[in-house]
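# Notes for the structure review
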Amino acid sequence: QSLTSVFEENTISFSDILLTVAEQLKVILLVPFLTVFITFTHVQFIQQPYYISSSKLLLPENQAISGGLAGLASQFGVNLSQGVSADLSSPSLFPELIKSRIFAERILKKPFYTEHYGKELSLLAILTHGDSSPTIGKDTLIQNAMGNFQSMVSFTNEGPFSILIVKANEPRFARDINKSVLIELKALNRFFKSQSVNQKVGFIENRIKAVEGDLEHSEQSLKQFREQNQQISSPALQLQQERLTRGVEIQKGIYLTLKQQLELANIERIQEETVIQILDEPQLPLYASGKNLRMSVLLAGVLGVGFGILLGFLRSYFNSGDMDERRKLRRIKNF
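Everything quoted here is computed from the prediction, not taken from an experiment. (Residues numbered from 1 in each chain as written. Predicted model: local features only at pLDDT ≥ 70, side-chain atom pairs only at ≥ 80, totals over all residues. Heavy atoms only, no water.)

The next point concerns the overall build of the protein. When helices and strands are tallied, the protein shows 12 helices and 6 strands. Across the 335 residues of the protein, 31% fall into the buried class. Taking the intrachain contacts of the protein between residues at least 6 apart in sequence as the baseline, contacts between residues at least 24 apart amount to 73%. Accessible area of the protein: about 21300 Å², with a carbon and sulfur share of 55%. (Helix = DSSP H or I, 4+ residues; strand = E, 2+ residues; numbered from the N terminus. Buried < 20%, exposed > 50% of the residue type's maximum accessible area, 1.4 Å probe, protein only. Contact = heavy atoms within 4.5 Å. Areas by Shrake-Rupley, 256 points an atom, 1.4 Å probe, with all protein chains shown as cover.)

Moving on, we get to the nonpolar core. Ranked by internal contacts, the top residues of the largest apolar core, which has 36 residues, are Leu108, Leu123, Phe149, Ile177, Val181 and Leu185. Only helix 5 (94–97), helix 6 (101–108), helix 7 (123–127), helix 8 (138–152), strand 4 (153–158), strand 5 (161–168) and helix 9 (171–228) provide two or more residues apiece to this core. When residues of this core are assigned to their parent elements, the largest contribution, 8 residues, is made by helix 9. With residues up to four places along the chain from it excluded, the contact list for Ile177 reads Phe112, Leu123, Phe149, Met152, Val153 and Val166. In terms of nonpolar packing, the next biggest core, distinct from the first, is built from 13 residues, Ile208, Val211, Val248 and Leu262 among them. (Core = buried A, V, L, I, M, F, W, Y, C linked by side-chain atoms within 4.5 Å.)

Take the packing of helix 9 against helix 10 (residues 235–270) next. Between helix 9 and helix 10, the least distance of the axes is 8 Å, while the angle of their chain directions is 155 degrees. By the angle class used here, helix 9 and helix 10 are roughly antiparallel. Considering only the axes of helix 9 and helix 10, their crossing is left-handed. In terms of residue class, the contact of helix 9 with helix 10 is built from 16 nonpolar, 10 polar and 12 charged. (Axes fitted to C-alpha atoms, helices over the stretch in contact; angles between N-to-C directions. Parallel < 35°, antiparallel > 145°, perpendicular 65-115°, else oblique. Left-handed = near helix turned anticlockwise from the far one by under 90°. Nonpolar A, V, L, I, M, F, W, Y, C, P; charged D, E, K, R; others polar.)

What follows is about the confidence of the model for the protein. Here the protein shows a mean pLDDT of 79. Residues at 70 or above account for 76%. Confidence scores differ between elements of the protein, with helix 1 (residues 2–10) showing the lowest mean pLDDT of 46 and strand 2 (residues 111–114) the highest of 93. Residue range residues 3–10 is modelled with pLDDT below 50. Its contacts to residues more than four positions away, or to other chains, number 2 contacts. Per-residue pLDDT stays below 50 along residues 62–69; that stretch engages in 16 contacts with residues further than four places along the chain or on separate chains. (pLDDT = per-residue confidence, 0-100.)

Strand order in the open sheet formed by 4 strands is 4-5-1-6, and the pairing between neighbours is antiparallel. Edge strands, defined here as strands with exactly one partner in the open sheet, are strand 4 and strand 6 (277–280). The average angle at which neighbouring strand axes cross in this sheet is 35 degrees, direction not considered. Pairing geometry for strand 4 and strand 5, over 6 bridges, is antiparallel. The residue bridging Ser154 from the neighbouring strand is Ile165, located in strand 5. Taken strand by strand, helix 8 contacts strand 4 and strand 5, and its axis lies near 30 degrees from that of strand 4. Each of strand 1 (51–58), strand 4, strand 5 and strand 6 touches helix 9; the most contacted strand, strand 1, lies at about 25 degrees to it. (Pairing = 2+ DSSP bridges.)

Let us now look at the pattern of salt bridges. If charged atoms from side chains of opposite charge come close, those side chains can pair. A full pass over the atoms with the stated rule returns 7 salt bridges. For Arg106, the salt bridge identified is with Glu184, shortest N-O distance 2.9 Å. Taken together, the residues Arg106 in helix 6 and Glu184 in helix 9 connect sequence positions 78 residues apart. According to the relative accessible area criterion, Glu184 is buried, its value standing at 7%. The partner of Asp176 in a salt bridge is Arg172, with the nearest N and O atoms 3.7 Å apart. (Salt bridge = Lys/Arg side-chain N within 4 Å of Asp/Glu carboxyl O.)

Close contact between helix 6 and helix 8 brings their axes to 10 Å; oriented N to C, the two are set at 95 degrees. One way to sum up the angle between helix 6 and helix 8 is to call them roughly perpendicular. Only Asp139, Ile142, Gln143, Ala145, Met146 and Phe149 of helix 8 make contact with helix 6, whose side of the interface consists of Arg101, Phe103, Ala104, Glu105, Ile107 and Leu108. The residue inventory of the contact of helix 6 with helix 8, partitioned by class, reads 8 nonpolar, 1 polar and 3 charged.

Attention now goes to a nonpolar patch on the surface. Where nonpolar side chains cluster on the molecular surface, the patch consists of Leu30, Phe33, Leu34, Phe37 and Ile38 and spans about 530 Å² of accessible area. Tracing the backbone shows Phe37 in helix 3 (residues 25–46). (Patch = residues over 30% accessible without salt bridge, like charges linked within 9 Å, V, L, I, M, F, W, Y side chains within 5 Å.)

A few words now on the environment of Glu263. Looking at the element boundaries, Glu263 is found in helix 10. The class of Glu263 is partly exposed, set by a relative accessible area of 48%. Between the C-alpha atom of Glu263 and that of Val201, which follows or precedes it by 62 residues, the distance is 9.1 Å.

Below you can see the structure in the form of structure tokens.
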């Protein structure tokens with residue numbers, strides 16, 4: 001009987017809950033109404049939608065150095081294969097390249113048309129001071145614009161492909177930036193590739209001059225030996241002739257290899273194609289993103305109802321002076 005009485009004292013009747021809800025019905029209904037109204041107003045009239053333009057690229061993971069040049073360099077103690085990842089012309093660095101200052105300075109000075117200003121402005125002006133005169137220095141403007149630009153552009157991976165994504169507040173603006181980013185990536189790739197090829201050509205030309213001198217010296221030594229020894233009969237002279245002949249053949253082989261690699265490097269220098277292969281060109285986005293009115297209002301309504309019920313019980317608890325009623329409301333809150 002004592003256990004039964006304790007259970008009955010702590011039992012919460014459904015009528016007590018309904019009574020408390022009825023007493024605080026205004027608060028319970030007012031809170032979700034306010035949350036839904038504020039969310040609807042913010043999403044519909046204040047929150048700015050953005051448009052996404054994407055392009056799909058195929059970027060090779062590594063740039064392979066020609067086997068002949070790598071083998072040639074290894075003969076001189078230079079391992080070119082280890083330096084591939086550090087080459088700025090490597091396409092694997094494109095996601096980091098768009099975050100660099102040199103890329104920002106090239107893209108920020110390009111003009112773009114926006115409906116907001118109704119005319120063409122440089123991207124630097126669009127992201128910073130607009131069509132008004134700047135009040136700060138150019139370096140500060142570039143630094144501020146870089147942060148805004150990096151939040152607009154990103155790279156993602158989709159299997160073997162790389163997706164270049166551009167977010168902007170206008171569809172045409174997003175597509176134009178995507179196109180310009182691709183153009184600048186190609187231009188920078190050609191620039192860094194040209195630098196790398198020029199260094200390669202300079203190295204080969206210097207080696208050709210050195211090897212050509214060594215080859216002439218070896219040939220002259222062999223010529224003098226043959227002139228001085230018309231008839232070779234002793235083993236010592238035969239051994240010396242073989243050494244001189246072998247030296248000439250080695251120098252000749254190195255010289256021919258260098259000449260071949262110089263020709264390949266010159267062909268690579270005049271080649272203007274880049275390693276970027278574009279599968280899907282950037283298109284004009286048809287719909288805005290980041291503005292889901294229905295989901296936002298539904299979520300605000302659910303959270304508002306829960307918060308309204310909690311606020312109603314707390315209000316009823318603090319407004320009640322009867323200790324029994326407080327204990328009952330505490331049990332309802334725990335329930």
